[in-house]
Protein chains: 2
Amino acid sequence: MKIEAEWMRGGTSKCWVFETEHLDQTRTSLDELLPRLFGSPDYRQIDGVGGATSTTSKAMILRRPADAEVDVEFTFAQVGIEEAAVDWGSNCGNCSAVVGLYAIEKGWVVPRGDVTRIVTRNTNTGQIIIQRVATPAGALPIVPDAQMPGVAFPGYRVGLGFQDPAGKTTGKLLPTGSATDTITAGGTRWTVSMVDAGAPVVIVRAEQLGLDPSRYGSWASGVELQLETLEQIRRQAAVRMGLASTVAAAARAIPKLAIVASPAQPDPDSDVSVMMLSMGKPHPALAITGSIALTLAARTPGTVLSSITGDAPRSRLRLRTPAGVLETWSEEDDASLLIGVERTARTIATTIIHVPEALGSAVETSLASATQ
Amino acid sequence: MKIEAEWMRGGTSKCWVFETEHLDQTRTSLDELLPRLFGSPDYRQIDGVGGATSTTSKAMILRRPADAEVDVEFTFAQVGIEEAAVDWGSNCGNCSAVVGLYAIEKGWVVPRGDVTRIVTRNTNTGQIIIQRVATPAGALPIVPDAQMPGVAFPGYRVGLGFQDPAGKTTGKLLPTGSATDTITAGGTRWTVSMVDAGAPVVIVRAEQLGLDPSRYGSWASGVELQLETLEQIRRQAAVRMGLASTVAAAARAIPKLAIVASPAQPDPDSDVSVMMLSMGKPHPALAITGSIALTLAARTPGTVLSSITGDAPRSRLRLRTPAGVLETWSEEDDASLLIGVERTARTIATTIIHVPEALGSAVETSLASATQ
């Protein structure tokens, strides 16, 4: 059994890109097939295509929908490493950046003008992402030359615009109906904002945690001392946002929690300092989905974030993260709002993956199709 | 520019396998080309095919020599991760295991009988390695099913026989002319054996270091306390073996140092306990080249190892390592001695790697060849 795949870098992730029809031909459950392709379970993934880290054990599954309004529909799979399991619960912003480029390289979309627009839909979240791939004079550059922070080599420039991202999980941008709410935890009353856009996020001001906005480098150690209180805030927010029925039932992954403050003076490069908590720990950067939530929060009067960035919507928001500054953009047209980020993407290799074992009915199936 | 490559697992390593003529077409120095293909310099190798660990940042370059006595000639390249550099100084035993399988899969060698013999030569060391690939009834099995320690999934069975491995670096199995020598270091006189086979190795008895042979699990911590003395022994051995003119000039990588003892009683699974030092630290397992040196040392009367294993040459030697027992075999025929190990290998993916940038004259070259 052999399966075609493109191995692509999307932003700061490596992603294995499949087409639905190629996977369907294996007549094997993806929850069984993908871990085997990746070499899981094995902490080194030494017998498969996985890279043995969360950012290199990712798959994207693409198809061209009958729906004429969407060029490409895609599903993201986080493939387990030490477990032969697949998590279908979220999208990956970085891997999303390969979809438009794939469509152009495969001829699904003909590049037109200096920027080619590809409409994509993520099936994990229902999110429409408008992709804009730089195609000067109507073609991909012969030598890709766009740079982005966190990647040593150039790629093709891709803009990802999340269309009307509010409320994709709970139905509302402000699930509680208020721009700010009060949560009591650790004996303190916390002023927070709870927003649902890209991902559900609860936002807390750094000052309330006793963190010095002018000493961003010291936040991580200060946060580490208050993880228990922060987790209480996060779990109460889960209930208030309708994501869990009790604090005990709150999921580990959502909502995310973001700590924000005015940038240290002078910081001409950022509009707000951010530290995200992910799975109970300070995140080394900022997930793209989280950056979408913060951008909408900044645009929404009365949130703890808009009190930092100002109520007037800005077209660019620069978020300082432990890994550097991430910039998002906002665009409104007649019908919709786009919140986006710029990434780069590149095809690393065009591949045919060998799958040797009898996987379910896999061997039988491949023999059957060989005789057709 | 695009380059064909097979991505193969050899033993416990992942290896990128190229053909010389495909690389030659790029007209780019391999010291420049390979790091770029692998995504180096970058500790994550996120824009290339490298796996960001030493066992997954390896390349093999194969060719069919005019020389009728050798089926395949190959060169091993350890590709730097944080440095854009290639180390050509040694062979990799694990990656060696892909060569015979590659030759069969590409039709360079026609399988014959239940075991197909492929004669290979490693150009880094001049070592001939006779490979025996299991081909029951004259063909590779449809479903590979051979298992080996340290790999979660099955592969094709490959035996690697190192032909007459003695003296490949210094010209002699015993570079000093003696089976044992005395080295003074840390105020103590150490009885050591210095052998050159597969790789140059200096062998020390565990008891002389105060390590308890019956408590193998405690060796690592005991060794950590004596690293400075062990490094003095190793550097003096470098000079005695003719590998360096002064102790200060001794290389970090060779000779290797092996600590040996009789197996803990009762240990029906091993003949000798071994801990190797690699780059100044206890090695988590044992390099295949090191196991070849120890096997020849065990066969050589008067060495510190033969005093443990007995002077009568044995056809199987079982070496206990921190990662489990590694078994080597020895065979003598009319003309030569083969020392070998069993591995498994498998092709993970057949690929075409995309190399986008203008690398030296690469772009010019690909345009030139496109018009031919």
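Everything here concerns the structure above.
Source: prediction; values computed, not measured.

Caption draft 1: Spatial organisation of the side chain of A:Asp271. Residue and element names in this part refer to chain A. Checked against the element boundaries, Asp271 lands in the loop between β12 (256-261) and β13 (272-278). Among the polar contacts made by the side chain of Asp271, one reaches the side chain of Arg314 at a distance of 3.1 Å. At 2.8 Å, the side chain of Asp271 forms a polar contact with the backbone nitrogen of Arg318. Residues in contact with Asp271, not counting those within four places in the same chain, are Pro263, Ile308, Thr309, Arg314, Arg316, Leu317 and Arg318.

Caption draft 2: Representation of the state of the cysteines in the model. All names here are of chain A. Within the structure shown, the criterion is met by 2 disulfides over all chains. Cys15 shares a disulfide with Cys95; S-S distance 2.1 Å. Every disulfide takes its handedness from the sign of the S-S torsion; for Cys15 and Cys95 that torsion is -95°, giving left-handed. With Cys15 in strand β2 (residues 13-19) and Cys95 in helix α3 (residues 93-96), the pair connects residues that are 80 residues apart, well separated along the chain. As far as the burial class goes, Cys15 and Cys95 line up, both buried. Cys92 takes part in no disulfide bond, and the closest cysteine sulfur, belonging to Cys95, lies 3.9 Å away. Judged by its relative accessible area of 6%, Cys92 falls in the buried class.

Caption draft 3: Looking closely at the environment of A:Leu209. All names here are of chain A. Mapped onto the secondary structure, Leu209 falls in the loop between β11 (199-205) and α5 (219-224). Taking the C-alpha atoms as reference points, Leu209 and Lys2, separated by 207 residues in sequence, lie 54 Å from one another. Residue contacts for Leu209: discarding those within four places in its chain leaves Trp190, Val204, Gln226, Leu230 and Ile259.

Caption draft 4: Summary view of the interface of chain A and chain B. Opposite the 41 residues of chain A that make contact, chain B presents 41 residues. Summed over both partners, the interface of chain A with chain B comes to about 3200 Å²; 58% of that surface belongs to carbon and sulfur atoms. The largest contributions to the chain A side of the interface with chain B come from A:Ile46, A:Asp47 and A:Phe153, which together make up 22% of the buried area. A:Asp47 is the salt-bridge partner of B:Arg346, the closest N and O atoms lying 2.9 Å from each other. Viewed at the interface, chain B and chain A are joined by 22 residue pairs in polar contact (both at pLDDT 80 or more).

Conventions adopted
- Residues numbered from 1 in each chain as written.
- Chains lettered and ligands numbered in written order.
- Predicted model: local features only at pLDDT ≥ 70, side-chain atom pairs only at ≥ 80, totals over all residues.
- Heavy atoms only, no water.
- Helix = DSSP H or I, 4+ residues; strand = E, 2+ residues; numbered from the N terminus.
- Polar contact = N/O pair within 3.5 Å; in protein donor to acceptor, adjacent residues only side chain to side chain.
- Contact = heavy atoms within 4.5 Å.
- Disulfide = S-S within 2.5 Å.
- Buried < 20%, exposed > 50% of the residue type's maximum accessible area, 1.4 Å probe, protein only.
- Buried area = accessible area lost by both parts, 1.4 Å probe.
- Salt bridge = Lys/Arg side-chain N within 4 Å of Asp/Glu carboxyl O.

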